[in-house]
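Fold and contact review
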Amino acid sequence: MSATKADLRAAILSSRRAVSTHEHDAEARALAEHATTLAAAGQTVCAYVPVEAEPGSLELVDSLYRRGVRVLLPVARLDTAGSPLPLQWGEYVPGELRQAPFGLREPAEPWLTAEAVGDAVTLLVPALSVDRRGVRLGRGAGFYDRSLPSASPSARLVAVVRDDELVDRLPAEPHDVSMTHALTPRLGLVALGTPDGPGMGFAT
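In this report, we go over the structure that sits alongside the text. (Residues numbered from 1 in each chain as written. Predicted model: local features only at pLDDT ≥ 70, side-chain atom pairs only at ≥ 80, totals over all residues. Heavy atoms only, no water.)

As a further point, take the pairing of strand 11 (residues 181-184). Side-chain direction in a regular strand flips from residue to residue, so the side chains alternate between the two faces of the sheet. Side-chain alternation along strand 11 places His181 and Leu183 on one buried face and Ala182 and Thr184 on a second face that is also buried. Strand direction decides the pairing type here: strand 9 (residues 156-160) and strand 11, joined by 3 bridges, are parallel. Residue pairing across strands places Val158 opposite His181, the latter belonging to strand 11. Where strand 11 lies against strand 12 (residues 188-191), 4 bridges are found, and the strand directions are antiparallel. The partner of Leu183 across the bridge, within strand 12, is Leu189. Counting the residues between successive antiparallel strands, the hairpin from strand 11 to strand 12 contains 3 residues. (Buried < 20%, exposed > 50% of the residue type's maximum accessible area, 1.4 Å probe, protein only. Helix = DSSP H or I, 4+ residues; strand = E, 2+ residues; numbered from the N terminus. Pairing = 2+ DSSP bridges.)

Time to look at the sheet that holds strand 7 (residues 129-131). One open sheet accounts for 3 strands, arranged 8-7-10; its pairing is mixed. Strand pairing shows two members of the sheet lacking a second neighbour, strand 8 (136-137) and strand 10 (166-167), which therefore form its edges. For strand 7 and strand 8, the ladder comprises 2 bridges, and the chain directions are antiparallel. The residue of strand 8 that forms the bridge with Ser129 is Leu137.

If you look at the biggest cluster of nonpolar residues, it comprises 46 residues, and the most contacted ones within it are Leu123 and Leu124. Residue assignment for this core shows that the elements contributing at least two residues are helix 2 (21-33), strand 1 (44-46), helix 3 (58-66), strand 2 (70-75), strand 6 (122-126), helix 4 (143-147), strand 9 and strand 11. Looking at this core, the element that brings in the most residues is strand 9, giving 4 residues. Among residues more than four places away in sequence, those in contact with Leu123 are Cys46, Val117, Leu148, Ala151, Ala155, Arg156, Leu157 and Val158. (Core = buried A, V, L, I, M, F, W, Y, C linked by side-chain atoms within 4.5 Å. Contact = heavy atoms within 4.5 Å.)

Throughout the structure, instances matching the rule amount to 16 salt bridges. With a shortest N-O distance of 3.8 Å, Arg139 and Glu54 are connected by a salt bridge. Highlighted residues: Arg139 in the loop between strand 8 and helix 4 and Glu54 in the loop between strand 1 and helix 3, separated in sequence by 85 residues. Taking the relative accessible area as the measure of exposure, Arg139 reaches 43% and is therefore partly exposed. (Salt bridge = Lys/Arg side-chain N within 4 Å of Asp/Glu carboxyl O.)

What follows covers the environment of Ala151. Within the secondary structure, Ala151 is located in the loop between helix 4 and strand 9. Judged by its relative accessible area of 13%, Ala151 falls in the buried class. Each C-alpha atom of the pair Ala151 and Arg17 lies 31 Å from the other, and the pair is 134 residues apart in sequence. If we ignore the near neighbours within four places in the chain, the residues touching Ala151 are Val117, Gly118, Leu123 and Leu157.

What follows is about unusual backbone geometry. Residue Pro110 is reached from Glu109 by a cis peptide bond, and omega for that bond is 5°. Among the structural elements, Pro110 can be located in the loop between strand 5 (105-107) and strand 6. Despite not being glycine, Glu52 shows a phi value in the positive range, around 55°. With respect to the helices and strands, the residue Glu52 is situated in the loop between strand 1 and helix 3. We classify Glu52 as exposed; its relative accessible area is 72%. Residue Phe102 is not a glycine yet carries a positive backbone phi of 65°.

Limitation: the analysis is restricted to geometry and does not speak to function.
Laid out in structure tokens, this is it:
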């Protein structure tokens, strides 16, 4: 019997919490070293600052910025009914992030509209897992589900995960936006869209 998305989320979050600080920091440094594969100077990347046990660190964002990449970070808000709005974006400036809702860190205003995502050649997307076909498992809030359809058709959509979170198959739904790539500490940037691969399978 296939695991549900809720089961998978719980299992992966528990596994991430068990990762030692030393291992997490080593993986974060490895992810930052892959910044050169994501964009060239003058191009735009939509990135994010990891929270809690998410893979990565601010160093990946800084690595892009130091290379002359324009980095946009997400601004997450709810509408008056409590539903997620498409993400707005703010330009990253080192040392000027502030605490934000949902435990995030975001740039100060002024913010760009949701349509600014269309400027990006690469979008780094938080994920709990991604499969070889490009199916992404997020936390279920829906911010990225509402935002990714506005990305450029030529943009790389990159799920940032730990190595063992790149798997063979995850449960998919019709509204899911497929990732084109995964970024992992050991493997670096991995093209997705193939049904089979060496990843472990959380679901069958």
